[in-house]
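What follows is each chain in one-letter form.
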Amino acid sequence: MLILNQRQQELLAMVKRDSYVSVEKLAEHFSVTRQTIRRDIALLAEHQLLQRYHGGASVLSSVENVAYQARQVLCIDEKRRIAECLARHIPDNASLFINLGTTTEEVAKALHKHRGLRVITNNLHVADTMCDYPDCEVIVLGGMLRKRDRGITGEATVQLIRQFRVDYGIIGISSIELDGTLRDYDYREVRSAEAIIQQSRHVFLAADHSKFARPALVELGHLSQIDALFTDQPPPPAVVELMREAETQLYVAD
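Since the structure is predicted, the reported quantities are computational estimates derived from the model, not experimental observations. (Residues numbered from 1 in each chain as written. Predicted model: local features only at pLDDT ≥ 70, side-chain atom pairs only at ≥ 80, totals over all residues. Heavy atoms only, no water.)

Trainee: When you look at the pattern of salt bridges in this model, what are you seeing that I'm missing?
Mentor: Note on pairing: side chains with opposite charge can pair once their charged atoms come close. A full pass over the atoms with the stated rule returns 15 salt bridges. Across the salt bridge formed by R191 and E194, the nearest N and O atoms sit 2.7 Å from each other. Of this pair, R191 and E194 both sit in helix α9 (residues 187-198), three residues apart, which is roughly one turn of that helix. With a relative accessible area of 32%, R191 lands in the partly exposed category. Under the relative-accessibility criterion, E194 is labelled partly exposed at 23%. Residues participating in the shared-partner salt-bridge network are R146, R148, D149, D186, R188 and E189. (Salt bridge = Lys/Arg side-chain N within 4 Å of Asp/Glu carboxyl O. Helix = DSSP H or I, 4+ residues; strand = E, 2+ residues; numbered from the N terminus. Buried < 20%, exposed > 50% of the residue type's maximum accessible area, 1.4 Å probe, protein only.)

Trainee: How do you make sense of a nonpolar patch on the surface when you look at a structure like this?
Mentor: A grouping of L124, V140 and L145 is seen on the molecular surface, where their side chains present a nonpolar patch of about 220 Å² in accessible area. Mapped onto the secondary structure, L145 falls in strand β7 (residues 144-146). Exposure remark for L145: the relative accessible area of 44% places this residue in the partly exposed category. (Patch = residues over 30% accessible without salt bridge, like charges linked within 9 Å, V, L, I, M, F, W, Y side chains within 5 Å. Areas by Shrake-Rupley, 256 points an atom, 1.4 Å probe, with all protein chains shown as cover.)

Trainee: Would you explain the sheet that holds strand β3 (residues 56-58) in this entry?
Mentor: Through backbone hydrogen bonds, the strands of a sheet pair up, either in parallel or in antiparallel fashion. Taken in spatial order, the three strands make up an open sheet running β1-β3-β2, and their pairing is antiparallel. The open sheet has two edge strands, β1 (20-22) and β2 (51-53), and neither has a second partner. Looking at each pair of strands side by side, their axes are set apart by 20 degrees on average, direction ignored. Relative to β3, β1 runs antiparallel, the two being bridged by three bridges. Bridge pairing in β3 places V21 opposite A57. (Pairing = 2+ DSSP bridges. Axes fitted to C-alpha atoms, helices over the stretch in contact; angles between N-to-C directions.)

Trainee: Got a minute to help me understand the UniProt feature "domain: HTH deoR-type" (unreviewed entry) in the protein chain in this structure?
Mentor: Mapped onto this structure's residue numbering, the UniProt feature "domain: HTH deoR-type" (unreviewed entry) falls at residues 4-59. As annotated, residues 4-59 comprises 61% helix and 16% strand, and the C-alpha atoms at either end are separated by 17 Å. (UniProt positions renumbered as here; feature names shortened; annotations may be inferred.)

Trainee: Sorry if this is basic, but what is going on with the environment of A27 here?
Mentor: Mapped onto the elements of the fold, A27 is located in helix α2 (residues 23-30). Put simply, A27 and V107 are 80 residues apart on the chain and 37 Å apart in space, counted from C-alpha to C-alpha. Those residues in contact with A27 that lie beyond four places of it in its chain are V32, T33, R34 and I37. (Contact = heavy atoms within 4.5 Å.)

Trainee: How do you make sense of the packing of aromatic side chains when you look at a structure like this?
Mentor: The description of two aromatic rings rests on the distance between their centres and on the angle between their planes. Overall, the coordinates contain three aromatic pairs when judged by the stated rule. When the centroid spacing of 5.3 Å and the interplanar angle of 50 degrees are considered together, the rings of Y168 and F204 count as tilted. Of the two residues, Y168 sits in strand β9 (residues 166-171) while F204 sits in strand β12 (residues 200-206), which places them 36 residues apart along the sequence. Like Y168, the residue F204 is buried in the burial classification. Here the aromatic residues Y168, F204, F230 and Y251 are joined through ring pairs into a cluster of three or more. (Phe/Tyr/Trp six-rings, centres within 6.5 Å; stacked < 30°, edge-to-face > 60°.)

Trainee: Please explain the pairing of β12 as it appears in this structure.
Mentor: Here is the key point about a regular strand: its side chains alternate between the two faces of the sheet. In terms of burial, β12 is a largely internal element, five of the seven residues being buried. Two strands pair when backbone bridges link them, and β9 and β12 are joined in this way by five bridges, in the parallel orientation. Looking across to β12, one finds that I170 is bridged to F204. In this structure, β12 lies alongside strand β14 (residues 228-231), joined through three bridges in parallel fashion. When the sheet's bridge partners are listed, F204 is paired in β14 with A228.

Put into structure tokens, the structure is as follows:
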């Protein structure tokens, strides 16, 4: 399991913020040698957290997400805090959609004390986690299985989602732009998430701070369609203002 030290986490955040950062600038910022920075960049590139270039590092392509194994450990503490916060807003005896993503998988784990849940999911990791919970019924949606993360997508998935109307739709996301646009990488995954938003009485979005202003290819929707955003750090001021205007609630996990 990859565990990033504080410098590597801050380095990754700088690259995401500035799109490209040189080795020289990073070495100066952290007061370490260029060789140390190059080793950090090589490690992060090996786990597909950034792109390595001669003389620096840049963000990943907008057309390809970070590998699932890397996302499992990236910001894991933040994701767990977000999940615990969100779980406190789900009552017993509720019906839920839970979609794809490592953050929503942490939400599934955080719901282990709930009773009477009815869960509909296209995420086999979520189904496996929740199927043994006391008094919890799990419905697995059909469709095309993605080998890389055990997610189920496709037109059949969307059609099945539309057969249900649930209390809470719990979704993850790859990107929240500063204008409130929600984006992801796989158009088939986006179509499933769109259907979940439409078929849920309340929509909860779980996203850690790394998702803000991150590039991603496919538009999913807008923050104004979300009832509550659960995150680990206050969003950028422009996003906070958009949420206020849309009356989207904000919860920052302790």
